[in-house]
Amino acid sequence: TADDALRAIQALARANRIHITTHAAERMAERRITRRDIWYVARVVAAAELRAPAAVVHGGTDGPDRWRVVGADADGVETGVVAVIRDGVVVVTIF
C-alpha cells in the first residue's frame, strides 16, 4: 500500500540507503537538485502515490512497484522523485 511504501522510503532514507541512478543524476544536475535535497524529501515526505505497479513496469512479472514521492527539500522547494523500493530507495527520475 501507499502507507507501507511511505514508511519504507522514510526508514530507508533515515538509514542513508538511497541509490541515485545515472539518469536521475543527469536530471538532478540539469535542475540543480542535490543529493541532500533528495535525501531530505525522502525523509520528510508526507505521501507516496503508486506511479506504476510492478505488473505494468515488468510486463506482469514480479518486480518492484514505482512510487511517486513529492515533498519540500531542505530549502522548501517542492521536489519529486520516482522511487523503487528494493534493498534501498532507488531514485529513478526527478520531475
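In what follows, the structure referred to is the one given above.
The text that follows walks through the structure, step by step, so that each part is easy to find. (Residues numbered from 1 in each chain as written. Predicted model: local features only at pLDDT ≥ 70, side-chain atom pairs only at ≥ 80, totals over all residues. Heavy atoms only, no water.)

Regarding unusual backbone geometry
- Although it is not a glycine, N16 adopts a positive phi angle of roughly 60°.
- Relative to the helices and strands, N16 is located in the loop between α1 (2–14) and β1 (18–20).
- In this structure, R32 is a non-glycine residue whose phi angle is positive, near 55°.
- Relative to the helices and strands, R32 is located in the loop between α2 (22–31) and α3 (35–44). (Helix = DSSP H or I, 4+ residues; strand = E, 2+ residues; numbered from the N terminus.)

What to know about α1
- Across its 13 residues, α1 extends 18 Å between first and last C-alpha, which sits within 8% of the 18 Å expected from 1.5 Å per residue.
- Residues A5, L6, I9, Q10, L12 and A13 constitute the buried set of α1. Along the long axis of α1, the arc covered by the buried residues comes to 165°, so they all point the same way.
- N16 occupies a position one or two residues after α1 and carries a positive phi of about 60°. (Expected span 1.5 Å × (residues − 1). Buried < 20%, exposed > 50% of the residue type's maximum accessible area, 1.4 Å probe, protein only. Arc of directions from axis to C-beta.)

Description of the nonpolar core
- Of all hydrophobic cores here, the largest spans 21 residues; its most connected members are I9, I18, V69 and V91.
- Elements supplying a minimum of two residues to this core: α1, β1, α2, α3, β3 (66–72), β4 (78–85) and β5 (89–94).
- It is α1 that contributes the most residues to this core, 5 residues altogether.
- Each residue touching V91, except ones within four places of it in the same chain, is listed here: I18, H19, I20, T21, A24, I38, V81 and V82. (Core = buried A, V, L, I, M, F, W, Y, C linked by side-chain atoms within 4.5 Å. Contact = heavy atoms within 4.5 Å.)

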